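What follows is the residue order along each chain.
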Amino acid sequence: MSSNTRGSWGSRFGFVLAAAGSAVGLGHIWRFPYVTGENGGAAFVILYILCVFMIGVPILFAELSLGRHSHKNPVGAIKAIAPHGVWKYLGYLGVATGLFILSYYTLIAGWTFGYIFKTLLQNPVTFDDFSTNAPLNALLYVIFLLMTIGVVYGGIRGGIERWSKILMPILPVILIFIIIYSLTLEGAMEGVRFYLRPDFSVITGETIMIALGQAFFANSLGMGAMITYGSYLDKKENIIAAGTTVVAFGIVISFLAGFAIFPAVFAMGKSPAEGAALVFVILPEIFEAMPGGLLIGTLFFLLLAIAALTSAISLLEVPVAFLIDERKMRRKVATWLVGGITLIFGIPSALSFGASDFFSNLPFWTDQSFFGMMDYIFGSIALPLGGMLFSIFVAWRWGLVGANKEIALGNETFLGIQSKMWGIVIKYICPIVIFFVFLFQTGLLTW
Ligand code: PFF
């Protein structure tokens, strides 16, 4: 199949918005601020930026070039270089990871969608009642999944690119509006101090692991989303410039999200909680109490829902592209099929918040829910593992000569010192650093 019949981006701008849309999601606007607040503030921000530029960006270039080289999904991209042997299973890992992350990501995304209306209609339902209400959760899940399916169904230009162009420009506008509001509340500066006070004493092996994990999740790396998005890129596109723009946009949005959240939290005398509680318990209480909270709260959940939608699209697109390329399925059939499978895997996650005892407290894993298990396996382990293996594949199996040539197609200056530096990082630094982080994670090494 030529690149034209399977779809391609209409412009570089369209690609950048779609890739930035994949990156900027719940991981940026919700997870980054509270992880930063808990892990040393500015010290964590510095660590995160280091992880993104030292490990994330080189792997992003590797993924984009691998995708564009073959114009294929992760499995096809690997098979184009290594048709036989075990490497293709790395592609399958990526496809499966996309599907599994989508299955629980959609649940949280559905909540953000529900909270737009909860805030707007000033419905007093508590988070506990909300998250254990199985029919409501199922409804929100299905609505959000249908929106995601609807976009992917439309194809690359007519669906993903078109909607990214419509939705992505809205994000910074809403975010800046909320920040201005939040920063002008009385007592806001305390929140800024909490968010940014650099505390290097809390940086440990664990913190580095969290920063690296965040660098993968937030930039959609390690499962082939960027291979797939890269596969719709034209050969004359500059991968380095486009990729760097995407990452920079993500860092700015992440960083700004903290300025929207913490000043308001502190101004209203709340304590910054972690995880779901911050966004779905503490923030709604704040929106209820503060003047203008109705508007700000509604806009905030709209912001989260839009960011989540453009990310969910990319999670769905990976298995869909796999079925189109490898199984010769029509896009419409593939989209419905993957959407249906996602729905099935989403059910136990949806029951993980108290609706079912079994899924809320897995008997074989202390203090872990099914949702938590999925996020741990696919969100925290599979992405860095995939990233490590993709870097090994590109540097050692494909080879730097081939990869450099692909990247240089849209940017000849790359072949000088840049390609040498990238080569060293992708060949040695990425695999070794990620490997050590895994040793820490599994407890085989301690700090
Ligand atoms: N980057 C998204 C976020 O920050 O919420 C999540 C994500 C999307 C992860 C796509 C991985 C992926 F392939």
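Nothing here was measured: the structure is a model prediction, and the numbers come from that model.

Definitions and cut-offs
Residues numbered from 1 in each chain as written. Predicted model: local features only at pLDDT ≥ 70, side-chain atom pairs only at ≥ 80, totals over all residues. Heavy atoms only, no water. Phe/Tyr/Trp six-rings, centres within 6.5 Å; stacked < 30°, edge-to-face > 60°. Helix = DSSP H or I, 4+ residues; strand = E, 2+ residues; numbered from the N terminus. Buried < 20%, exposed > 50% of the residue type's maximum accessible area, 1.4 Å probe, protein only. Lys NZ or Arg CZ within 6 Å of the ring centre and 35° of its normal. Near = heavy atom within 4 Å. Polar contact = N/O pair within 3.5 Å; in protein donor to acceptor, adjacent residues only side chain to side chain. Areas by Shrake-Rupley, 256 points an atom, 1.4 Å probe, with all protein chains shown as cover. 1 Å grid on protein atoms, 1.4 Å probe; cavity = no way out; pocket = protein on both sides within 12 Å on 5 of 7 lines; lining within 4 Å. Sits in = over half its atoms within 2 Å of the grid points. Axes fitted to C-alpha atoms, helices over the stretch in contact; angles between N-to-C directions. Parallel < 35°, antiparallel > 145°, perpendicular 65-115°, else oblique. Contact = heavy atoms within 4.5 Å. Nonpolar A, V, L, I, M, F, W, Y, C, P; charged D, E, K, R; others polar. Core = buried A, V, L, I, M, F, W, Y, C linked by side-chain atoms within 4.5 Å. Points joined across faces, edges and corners; volume = space filled by probe spheres on them. Salt bridge = Lys/Arg side-chain N within 4 Å of Asp/Glu carboxyl O. Expected span 1.5 Å × (residues − 1).

Enquirer: Can you walk me through the packing of aromatic side chains in this structure?
Expert: Any aromatic ring pair is given by two values, namely how distant the centres are and how the planes are angled relative to each other. Under the criterion given, the structure shown has 40 aromatic pairs. Consider the rings of Phe 280 and Phe 301, whose centres lie 6.2 Å apart with planes at 20°: the pair is stacked. Taken together, the positions of Phe 280 in helix α15 (residues 276-289) and Phe 301 in helix α16 (residues 293-326) put the pair 21 residues apart, joining distant regions of the chain. No difference in accessibility class separates Phe 280 from Phe 301, as the two residues are buried. A connected cluster of aromatic rings, assembled from ring pairs, spans Trp 30, Tyr 104, Trp 111, Tyr 115, Phe 127, Phe 130, Phe 280, Phe 287, Phe 300, Phe 301, Phe 353 and Phe 371. Above the plane of the ring of Tyr 153 lies Lys 332, whose end atom (NZ or CZ) is 4.9 Å from the centre. Over the aromatic face of Trp 396 sits the side chain of Lys 427, whose NZ or CZ is 4.6 Å from the ring centroid.

Enquirer: How should I be thinking about the site of the ligand in this particular structure?
Expert: By nearness alone, 15 residues border the ligand, and Ala 23, Gly 27, Tyr 105, Phe 217 and Met 223 come closest of all. Within the contact set of the ligand, a nitrogen atom lies 2.8 Å away from a backbone nitrogen or oxygen of Ala 23. Leu 26 places a main-chain nitrogen or oxygen 3.0 Å from an oxygen atom of the ligand. In isolation the ligand exposes 340 Å². Once the protein is present, 100% of that is buried. Mapping the ligand onto the cavity grids shows that it belongs to the largest cavity. If you list the elements that add at least two residues to the shell around the ligand, you get α2 (12-23), α3 (26-38), α12 (205-218) and α16.

Enquirer: It is not clear to me how the packing of α3 against helix α6 (residues 88-120) should be interpreted in this structure. Could you clarify?
Expert: Each pair of packed helices can be summarised by the angle the axes make with each other and by the distance between the axes. With their axes 12 Å apart at the nearest point, α3 and α6 run at an angle of 85° to one another. As the angle between them shows, α3 and α6 are arranged roughly perpendicular. For the pair α3 and α6, contact is made by Leu 26, Gly 27 and Trp 30 and by Tyr 105, Ile 108, Ala 109 and Thr 112, respectively. Among the residues making up the contact of α3 with α6, the classes are represented as five nonpolar, two polar and no charged.

Enquirer: Looking at this structure, how should I read the nonpolar core?
Expert: What tends to happen in soluble globular proteins is that the nonpolar side chains get buried as a cluster. By size, the foremost hydrophobic cluster in this structure holds 160 residues, and its most contacted members are Phe 300 and Trp 422. The element best represented in this core is α16, accounting for 21 residues. Once residues lying within four places of it in the same chain are set aside, the contact partners of Trp 422 are Pro 58, Phe 61, Ala 62, Val 394, Leu 400, Ala 403, Asn 404, Ile 407 and Phe 414.

Enquirer: Explain helix α5 (residues 74-81) to me, please; I cannot follow it from the model alone.
Expert: An α-helical turn contains 3.6 residues, so a residue and the one three or four places further along point in the same direction. Burial analysis of α5 places six of its eight residues in the buried class, the great majority of the element. Structurally, the start of α5 carries an N-cap: the backbone nitrogen of Val 75 is 2.9 Å from a side-chain oxygen of Asn 73.

Enquirer: What is the right way to look at the layout of surface pockets in this model?
Expert: By rolling a water-sized probe across the atoms, one finds the places where empty space is left. One number sums up the size of the largest pocket: a volume of about 1,000 Å³. As for the largest pocket, its lining consists of 37 residues, and the residues nearest its centre are Arg 31, Tyr 34, Asp 375, Tyr 376 and Ser 380. Contributing elements (two or more residues each) for the lining of the largest pocket: α3, α6, α12, α19 (370-408) and α20 (417-441). Here the second largest pocket is characterised by a volume of approximately 270 Å³. Forming the boundary of the second largest pocket are Phe 53, Met 54, Val 57, Pro 58, Phe 61, Ile 240, Thr 244, Phe 414, Gln 418, Met 421, Trp 422 and Val 425. Listing elements by their share of the lining of the second largest pocket, those giving two or more residues are α4 (42-70), α14 (239-267) and α20. Here the residues of the lining of the second largest pocket are counted per class, giving ten nonpolar, two polar and no charged.

Enquirer: It is not clear to me how the pattern of salt bridges should be interpreted in this structure. Could you clarify?
Expert: When their charged atoms lie close together, side chains carrying opposite charge are able to pair. The tally for this structure, following the rule as stated, stands at ten salt bridges. A salt bridge links Glu 406 to Lys 235; the nearest nitrogen and oxygen atoms lie 3.2 Å apart. Taken as a pair, Glu 406 in helix α19 and Lys 235 in the loop between α13 (225-230) and α14 lie far apart in primary sequence, 171 residues in all. Glu 406 sits in the buried class, given a relative accessible area of 5%. The partner of Arg 331 in a salt bridge is Glu 317, and the shortest N-O contact between them spans 2.9 Å.

Enquirer: Just checking my understanding: could you explain α12 for this structure?
Expert: With 14 residues, α12 extends 20 Å from end C-alpha to end C-alpha; this agrees with the ideal 20 Å at 1.5 Å per step. Burial analysis of α12 places eleven of its 14 residues in the buried class, which makes it a mostly covered element. Turning to α12, its buried residues are Gly 205, Thr 207, Met 209, Ala 211, Leu 212, Gly 213, Gln 214, Ala 215, Phe 216, Phe 217 and Ala 218. Along its buried surface, α12 packs onto α2, α3, α4, α6, α19 and α20. Immediately downstream of α12, the backbone of Ser 220 shows phi near 55°, a positive value.

Remember, this is a structural readout, not a statement about activity or role.
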